[in-house]
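# Structure at a glance
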Amino acid sequence: MRDAFGRQIDYLRISVTDRCNFRCHYCMPQNHKFLPRDALLEYREITDIASRFMAHGIKKIRLTGGEPLLRREIESLITALGNFVHSGQLDELTLTTNGSRLANFAPVLAEAGVRRINVSLDSLDPSRFRAITRGGELQAVMDGIAAAANAGMSIRINMVALRGQNEADLLPVAEFCADNGHDLAIIETMPLGRGVAGRQDCYIPLEEFTIPLRETQDFRAIAHRSAGPARYWRLEPLGLRLGLITPMSENFCDDCNRLRMTTDGKIFMCLGSNMHVDFKQAIREGGVSAVDSLIEKALRLKPLRHDFETQMAKPGYRLDRHMNATGG
Ligand code: SAM
Ligand code: SF4
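Notes on the structure follow. Think of each chain on its own: its residues are numbered from 1, step by step along the sequence as written. A letter from A marks each chain and a number from 1 marks each ligand, given out in the order of writing. For a predicted model such as this one, the threshold for reporting local features is a pLDDT of at least 70, and the threshold for listing and counting side-chain atom pairs is 80 or more; totals across whole chains, interfaces and linings nevertheless cover every residue. As a rule here, side-chain values come from all non-hydrogen atoms in the structure, and water together with hydrogens is ignored.

A separate point is helix α6 (residues 170-180). For every residue, the accessible area obtained with a 1.4 Å probe (protein chains only) is divided by the maximum for its type, and the residue is called buried under 20%, exposed over 50%, and partly exposed between those limits. Helix numbering and strand numbering both begin at the N terminus, where a helix is a DSSP run of H or I of at least 4 residues and a strand a DSSP run of E of at least 2. Within α6, burial applies to Leu170, Val173, Ala174, Phe176, Cys177 and Ala178. One or two steps after α6, the chain reaches Gly181, where phi turns positive at roughly 75°.

Here we take up the site of ligand 1. The near set for a molecule or strand comprises every residue that places at least one heavy atom within 4 Å of it. Taken together, the neighbourhood of ligand 1 is formed by 18 residues, with Tyr26, Gly66, Thr97, Ser120 and Met190 sitting nearest. Two N or O atoms form a polar contact when they lie within 3.5 Å of each other; inside protein one atom must be a possible hydrogen donor and the other a possible acceptor, and for residues adjacent in sequence the pair counts only when both atoms belong to side chains. At 3.0 Å from a nitrogen atom of ligand 1 is found a main-chain nitrogen or oxygen belonging to Gly66. Separating a nitrogen atom of ligand 1 from a side-chain N or O atom of Glu67 is a distance of 3.3 Å. Burial of ligand 1 by the protein amounts to 95% of the accessible area it has alone, namely 540 Å². Secondary structure elements with two or more residues in the shell around ligand 1: β2 (60-65), β3 (92-97) and β5 (154-161). For this scheme, ten residues count as nonpolar: Ala, Val, Leu, Ile, Met, Phe, Trp, Tyr, Cys and Pro. Four count as charged, namely Asp, Glu, Lys and Arg, and the remainder, Gly too, count as polar. Its residues assigned to classes, the shell around ligand 1 shows five nonpolar, ten polar and three charged. Methods summary: accessible areas were calculated by the Shrake-Rupley approach with a probe of 1.4 Å, and residue burial reflects only the protein chains presented.

Ring pairs (aromatic) are described by centroid distance and by the angle formed between their planes. Only Phe, Tyr and Trp rings take part, Trp by its six-membered ring, and two of them pair if their centres are within 6.5 Å. Stacked means planes under 30 degrees apart, edge-to-face means over 60, and tilted covers everything else. Counted under the stated rule, the structure contains three aromatic pairs. Here Phe22 and Phe129 contribute two aromatic rings whose centre-to-centre distance is 5.9 Å and whose plane-to-plane angle is 85°, an arrangement assigned as edge-to-face. You can see Phe22 sitting in the loop between β1 (11-17) and α1 (43-55) and its partner Phe129 sitting in helix α4 (residues 126-133), a full 107 residues away along the chain. For Phe22, a relative accessible area of 6% translates into the label buried. Take Phe129: its relative accessible area is 3%, and that puts it in the buried class.

A word on α1. By this rule the span expected of a helix is its residue count minus one, scaled by 1.5 Å. In this model α1 runs 18 Å from its N-terminal to its C-terminal C-alpha over 13 residues, within 8% of the 18 Å that 1.5 Å per residue would give. Along α1, the residues classified as buried are Tyr43, Glu45, Ile46, Thr47, Asp48, Ile49, Ala50, Phe53 and Met54. Residue Gly57 follows α1 closely and has a positive phi angle near 125°.

It is worth spelling out the nonpolar core at this point. By convention a nonpolar core is built from buried Ala, Val, Leu, Ile, Met, Phe, Trp, Tyr and Cys residues, the set being connected through side-chain atoms within 4.5 Å. Counting 93 residues, the largest nonpolar core has Phe53, Ile61, Leu63, Ile157, Leu184 and Phe279 as the members making the most contacts within it. What makes two residues a contact is simply this: any of their non-hydrogen atoms within 4.5 Å. Setting aside residues up to four positions removed in sequence, Leu184 forms contacts with Arg156, Ile157, Met159, Val173, Ala174, Cys177, Leu240, Arg241, Leu242 and Gly243.

Turning next to the pattern of salt bridges. When charged atoms on two side chains of opposite charge get close, those side chains can pair. By salt bridge we mean one thing: a side-chain nitrogen of Lys or Arg within 4 Å of a carboxyl oxygen of Asp or Glu. According to the stated counting rule, one finds twelve salt bridges in the structure shown. Here Arg163 makes a salt bridge to Glu208, at a shortest N to O gap of 2.9 Å. Here Arg163, found in the loop between β5 and α6, pairs with Glu208, found in helix α8 (residues 206-209); they are 45 residues apart in sequence, far enough to count as distant. Here Arg163 falls in the partly exposed class, since its relative accessible area comes to 32%.

On to the packing of α1 against helix α2 (residues 74-86), then. Each axis is a line fitted through C-alpha atoms, taken for helices only over the stretch in contact, and angles between the N-to-C directions span 0 to 180 degrees. As a packed pair, α1 and α2 sit with axes 10 Å apart at the nearest point and diverge in direction by 20°. Here α1 is positioned roughly parallel relative to α2, judged by the angle of their axes. Of the two elements, α1 crosses α2, and the hand of that crossing is right-handed. Mapping the contact onto sequence places Tyr43, Ile46, Thr47, Ala50, Ser51 and Met54 in α1 and Ile74, Ser76, Leu77, Ala80, Leu81 and Phe84 in α2. A class-by-class count of the residues in the contact of α1 with α2 yields nine nonpolar, three polar and no charged. For classification purposes, an angle smaller than 35 degrees is called roughly parallel, one larger than 145 roughly antiparallel, one from 65 to 115 roughly perpendicular, and anything else oblique. By convention the crossing between two helices is left-handed if the near helix lies anticlockwise of the far one by an angle smaller than a right angle, and right-handed if it lies clockwise.

Right, here's the structure in full:
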């Protein structure tokens, strides 16, 4: 699949639920309203749509959310998609999770052929972690990370850079990752969704957030890529592989290979655009064959680049869609 700008699209991210047991303040407001359960795509519909996309060239799928491990019987979807990995139709099945339920699911994920996962961890300080996530328990996440490592999966820790909140956590998180052989990705906060107070204030460019690491480490750019937008560096003497994700300060849209499906079956071709195609309606009205005819339409909707920088600068202006709807 190629979009109108010639970019090859081979990566589908699927938000399996918009619900979450955390309320990370940069992601959604405390009283966030979730979709009614009957709006969700059924697992069968997700696998049917995914298999049509695979037939058109999708090679990697990431399950995300909301918190994907919160959705009832998620193991059945993981296993169904894992069968595509085992049969060679899919190169890779991965997951982004807040880790809180990972200890229960690590064996199922490993069995389904999931070889690497992303776990969000914005602080190693229990009270700061609780404050950022509005109630999350750090220990459950740490247990989840350990269980995933024991099950043989490689782990990338995702840390959102938050001015005035987790700058002091950077070195401890980096050391934890290096000590345990995990990668670390640091992410700039993006202006997604209304009602997220103070987001502009907590935005910090990674150039600035990473100063404590730059002062002590030698940064060497490396060619490693992980299918997503992170640009990787090797840090010595720490011995850490560090990914920097800079949607705000350094645009990475030129080689974007991704599309995203929301919990209710809408395909968005860009996190920063509201243009989408409704695959739930198509599959319910026209069956699986209706999916095929929409894929071309979706590809044409992919914009050249997002415009988060301008959106962040405009007071009050936000894309009216939170990160949990389209997934990270
Ligand atoms: N609940 C899971 C988790 O937290 O990993 C998966 C979904 S979450 C939306 C995916 C990623 O998006 C997480 O790493 C999270 O920190 C990040 N994220 C959420 N809102 C964001 C925002 N406004 N800007 C940048 N990253 C964001
Ligand atoms: Fe939940 Fe992930 Fe959003 Fe935090 S970032 S509220 S864990 S969906």
